[in-house]
Amino acid sequence: MSDQFQTEMKATFLLISLSFFLSVSFAQDRLKPGAIYQQGEEIFAPMVGYKGVVPDGWFGTLPQDEEVFLMIPNGNTNGYMFISANQYPISTLKENWKLDFSLTDEIVVSIKGVPKIEGNNMTADFDVTGTREPFAGYAVAIEGGFGWTIVTILLSPVSQKETYLKNFDQLLASSVIEKPSIGTIYGDFDWAKFLKNKYLMSYISSNQYKEQDEIWLCPDGTFRAKIKSKGRLVVEKSPYKGNNKGTWTAEGIGEKGLLHLVLPKQNDVTLKMEIKDDKIFINGGRFFALEYNDCK
């Protein structure tokens, strides 16, 4: 991919308003930022109810901190497909598509003719000016009926348009829009599943003060802990300070959950878990959650 087109596509991400395609890396089946999806692999965004399949000869990714799924062809040829979601009806998108928009200082995308609407679908061709080689654009919007409109876009060198349109049609044929299965990014976050094989650690350090709390959670339901804070992790008092072993369970689906620790000859402990912006909090304190595979 040329440096110019890398710049162009970065600008595309910044200029096209495409929301709620973000996913978290903890989910198994949902889109994972930064992961590579090869041809034939499923694209799944449960917050907007979209499913599709990467077409033959292409691969895709959800770039970190971006809100659009990008696909490019295998090999050294240029070409781009995008999948996005927004909450505009087709009637509003029709007016938006009539406006020219700039991808870079040189590259401008302009609608060619009038958008065509058939039922809940809208299509349009676009002229692309300012590229080093002639490019053309084509877009399809599908109003899914559940509050979301899915937009798929093809930007192709004119010389490859016929071939890439076949790949684009394959993407459209695989696309399914259904009722969203979750309402928030962490709507299907499973705490019991996530906490298996995890090392939880909080560390605070200054010139006069150091504090480190650690918990190792094994998949067989056992744990060990090394608590150095004066009870901040568990209770106001500090009977749990020091080294401990016991068993654990977790419950909760969504942003908040509970971690239960059972310690021999001591009262059971329940910790309040929460995830915000991919960060883990225990009883309101920030903890790092790392994979731990040394359970015996």
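Below, the structure is looked at part by part. Bear in mind that the values here come from a model prediction, so they are computed numbers and not experimental data.

1. What to know about the pairing of strand E6 (residues 80-86)
Thought 1: Here E6 lies mainly inside the structure; seven of its seven residues are buried.
Thought 2: Residue alternation in E6 divides its side chains into two sets, Tyr80, Phe82, Ser84 and Asn86 and Met81, Ile83 and Ala85, and both sets are buried.
Thought 3: As judged from the three bridges shared by strand E5 (residues 69-73) and E6, these two strands associate in the antiparallel manner. Looking across to E6, one finds that Leu70 is bridged to Phe82.

2. So, the packing of aromatic side chains
Thought 1: Inspection of the entire model under this criterion finds eight aromatic pairs.
Thought 2: On the numbers, 5.0 Å between centres and 70° between planes, the contact of Trp58 with Tyr164 is edge-to-face. Taken as a pair, Trp58 in strand E4 (residues 58-61) and Tyr164 in helix H3 (residues 161-174) lie far apart in primary sequence, 106 residues in all.
Thought 3: With relative accessibility at 0%, the residue Trp58 sits in the buried group.
Thought 4: Accessibility expressed as a relative area gives 5% for Tyr164, which makes it buried.
Thought 5: Ring centres of Trp97 and Phe126 lie 5.7 Å apart, and the angle between their planes is 75°; this geometry places the pair in the edge-to-face category. Pair noted here: Trp97 is in helix H2 (residues 90-97) and Phe126 is in strand E9 (residues 121-129), with a separation of 29 residues, a long-range link. Residue Trp97 shares its accessibility class with Phe126, and that shared class is buried.

3. Details of the state of the cysteines
Thought 1: Per the stated rule, a full pass over the model turns up one disulfide.
Thought 2: The side chain of Cys218 participates in a disulfide bridge whose partner is Cys295; the two sulfur atoms lie 2.1 Å from each other. Taking the sign of the torsion about the S-S bond as the criterion, the disulfide between Cys218 and Cys295, at about -95°, is left-handed. Here Cys295 lies in the segment after strand E20 (285-291) and Cys218 lies in the loop between strand E14 (210-217) and strand E15 (222-227), a separation of 77 residues in the sequence.
Thought 3: You can call Cys295 partly exposed: its relative accessible area is 26%.

4. Examining the pattern of salt bridges
Thought 1: Overall, the coordinates contain five salt bridges when judged by the stated rule.
Thought 2: Lys51 is the salt-bridge partner of Glu178, the closest N and O atoms lying 3.6 Å from each other. One end of the pair, Glu178, is in the loop between strand E12 (176-177) and helix H4 (191-195); the other, Lys51, is in strand E3 (residues 50-53), and 127 residues separate them in sequence.
Thought 3: For Lys276, the salt bridge is made with Glu274, and the minimal N-O distance between the two is 3.8 Å.
Thought 4: Of the residues examined, Lys276 reaches a relative accessible area of 44% and is grouped as partly exposed.

5. Examining the environment of Phe59
Thought 1: Tracing the chain through its elements places Phe59 in strand E4.
Thought 2: Excluding anything up to four places from it in sequence, Phe59 contacts Ile36, Tyr37, Gln38, Val54, Leu70, Met71, Ile72, Pro73 and Asn74.

6. Re the sheet that holds strand E1 (residues 36-37)
Thought 1: The strand order across the open sheet built from nine strands is E1-E4-E5-E6-E11-E10-E9-E8-E7, with neighbouring strands paired in antiparallel fashion. Of all the strands in the sheet, the pair left with one neighbour each is E1 and strand E7 (101-102).
Thought 2: Both E7 and strand E8 (residues 108-118) contribute to a ladder of two bridges, which runs antiparallel. Bridged to Phe101 within E8 is Val109.

Definitions and limits used
- Residue positions are given per chain, counting from 1 as you read along its sequence in written order.
- Reporting in this predicted model follows two pLDDT cut-offs: at least 70 for local features of residues, and 80 or more for side-chain atom pairs to be given and counted; totals over whole chains, interfaces and linings ignore these cut-offs and use all residues.
- Only hydrogens and water are set aside when side-chain values are computed; all heavy atoms of the structure are taken into account.
- When accessible area is computed with a 1.4 Å probe and restricted to protein chains, residues below 20% of their type maximum are described as buried, those above 50% as exposed, and intermediate ones as partly exposed.
- Elements are defined by DSSP. Helices are runs of H or I of four residues or more, strands are runs of E of two residues or more, and each kind is numbered from the N terminus.
- Two strands pair under a simple rule: DSSP has to find at least two bridges between them.
- Geometry of aromatic contacts follows a simple scheme: Phe, Tyr and Trp rings, the Trp one being its six-membered ring, pair when their centres are within 6.5 Å, and the pair is stacked under 30 degrees between planes, edge-to-face over 60, tilted otherwise.
- By disulfide we mean two sulfur atoms from cysteines, separated by a distance within 2.5 Å.
- Whenever Lys or Arg places a side-chain nitrogen within 4 Å of a carboxyl oxygen from Asp or Glu, that contact is recorded as a salt bridge.
- Contacts: residue pairs with any heavy atoms within 4.5 Å of one another.

Note that all results are geometric; they support no functional claim without further evidence.
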